[in-house]
Amino acid sequence: MRIETVSTVEEITTEHVNGRTVIVIDVLRASSTMVTALTSGFDSITPVGTVNEAFALQSKNTVLAGEWHCEKIDGFDYNNSPTVIRKKDHTGKHLVLTTTNGTKAVEKAAKADMLLIGCFLNATACITEALVQNGDITIYCAGSRNEFALEDGLAAGLMVHLAKKQAPSIETCDFSKAMEACFLQLSKGLPDLLFTTTTGKRLTSHNYTDDIKYCGQIDILQIVPIKKENRILSKTNT
Ligand SMILES: O=C(O)[C@H](CS(=O)(=O)O)OP(=O)(O)O
């Protein structure tokens with residue numbers, strides 16, 4: 001078993017995806033929003049690449065959420081905000097989500113054997129589920145606007161660290177080792193550290209400080225979102 005960590009959407013290749021378990025990480029905020037949405041009663045999430053695709057799926061049972069460059073989209077119910085979405089019980093509803101980076105990352109990993117969604121909030125549950133598959137794992141950081149995002153790398157590093165504890169013989173690529181070292185060095189600064197990253201600063205300028213604090217918490221949720229055809233479901237409901 002081997003873990004590869006990929007730093008951005010641009011870097012992912014078919015070799016990283018085919019025949020592997022892929023964990024998509026977009027800490028600020030798409031993967032944190034997906035994990036939280038399934039904890040808040042949503043039956044499923046449909047990630048889509050464009051606003052028009054989202055509107056095409058609108059119905060009385062759907063809720064539309066998303067952003068473009070952090071801003072809520074006109075006509076949508078919510079921004080891509082986990083702390084706002086979790087204020088309400090959404091039992092029986094389906095979430096349609098489109099975001100600047102995270103939903104594109106999911107799209108590019110569509111051919112994975114198993115595609116999971118991870119972040120700090122569900123780190124242990126997510127890597128544990130990936131290890132159960134007993135095959136190679138790709139930890140896929142979405143990044144932000146074509147660049148590596150430190151918050152994604154730190155969550156990847158945490159998962160690498162947890163994987164090594166659970167499966168000491170697991171091999172890792174050099175970038176995985178670097179991200180683990182980075183996490184071990186910087187983890188004491190969480191969640192406040194997230195305010196200093198590029199995406200953290202951007203979200204702060206749009207007043208999403210509650211989301212930043214929330215997304216920097218480790219293991220407060222046990223849900224593991226998994227992609228089945230074009231929907232994302234909670235692993236416990238599959
Ligand atoms: O608003 C978000 O949550 C971010 C915006 S940014 O482009 O990373 O600044 O989108 P996401 O797709 O969750 O990374």
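Residues numbered from 1 in each chain as written. Predicted model: local features only at pLDDT ≥ 70, side-chain atom pairs only at ≥ 80, totals over all residues. Heavy atoms only, no water.

An unreviewed UniProt entry lists the protein under the name Probable 2-phosphosulfolactate phosphatase, with Metabacillus arenae given as the organism. Quoted verbatim from the Sequence similarities (unreviewed entry) field of UniProt, the annotation for the protein is "Belongs to the ComB family." Checking UniProt for the protein, the heading Cofactor (unreviewed entry) contains the comment "Mg(2+)". (UniProt positions renumbered as here; feature names shortened; annotations may be inferred.)

A.B. asks: For this particular structure, what's the right way to read the packing of aromatic side chains?
C.D. replies: Where two aromatic rings form a pair, the distance of their centres and the angle of their planes describe that pair. Inspection of every chain in the model, using the stated rule, returns two aromatic pairs. Taking the centre distance of 5.3 Å and the plane angle of 85° together, the rings of F55 and F76 count as edge-to-face. One end of the pair, F55, is in helix α3 (residues 51-56); the other, F76, is in the loop between β5 (71-72) and α4 (82-85), with 21 residues separating them in the sequence. Taking the relative accessible area as the measure of exposure, F55 reaches 30% and is therefore partly exposed. (Phe/Tyr/Trp six-rings, centres within 6.5 Å; stacked < 30°, edge-to-face > 60°. Helix = DSSP H or I, 4+ residues; strand = E, 2+ residues; numbered from the N terminus. Buried < 20%, exposed > 50% of the residue type's maximum accessible area, 1.4 Å probe, protein only.)

A.B. asks: Hey, could you run me through the site of the ligand in this one?
C.D. replies: If you check the shell around the ligand, you find 16 residues, and the closest are R29, T99, N101, R145 and R202. For the ligand, an oxygen atom lies 2.9 Å from a polar atom in the side chain of N80. The side chain of S144 places a nitrogen or oxygen atom 2.8 Å from an oxygen atom of the ligand. Considered on its own, the ligand offers 360 Å² of accessible surface; in the complex 100% of this is hidden by protein. In terms of residue count, the dominant contributor to the shell around the ligand is helix α9 (residues 198-205) (three residues). For the shell around the ligand, the per-class residue count stands at four nonpolar, seven polar and five charged. (Near = heavy atom within 4 Å. Polar contact = N/O pair within 3.5 Å; in protein donor to acceptor, adjacent residues only side chain to side chain. Areas by Shrake-Rupley, 256 points an atom, 1.4 Å probe, with all protein chains shown as cover. Nonpolar A, V, L, I, M, F, W, Y, C, P; charged D, E, K, R; others polar.)

A.B. asks: Would you take a moment to explain the side chain of T138 for this structure?
C.D. replies: By the element assignment, T138 lies in strand β8 (residues 137-141). At 2.6 Å, the side chain of T138 and the backbone oxygen of H16 are in polar contact. When near neighbours in sequence (up to four residues on either side) are disregarded, T138 contacts E4, V6, I12, H16, R20, T21, V22 and I23. (Contact = heavy atoms within 4.5 Å.)

A.B. asks: Can you walk me through the packing of helix α7 (residues 150-166) against helix α8 (residues 174-186) in this structure?
C.D. replies: Between two packed helices, the angle of one axis relative to the other and the distance separating the axes together describe the packing. In contact at an axis separation of 7 Å, α7 and α8 are set at 100° when each is read in the N-to-C sense. Here α7 is positioned roughly perpendicular relative to α8, judged by the angle of their axes. From α7, L150, G153, L154, G157, L158, V160, H161 and K164 reach across to α8, where they touch S176, M179, E180, C182, F183, L184 and L186. Class assignment of the residues belonging to the contact of α7 with α8 gives a composition of nine nonpolar, four polar and two charged. (Axes fitted to C-alpha atoms, helices over the stretch in contact; angles between N-to-C directions. Parallel < 35°, antiparallel > 145°, perpendicular 65-115°, else oblique.)

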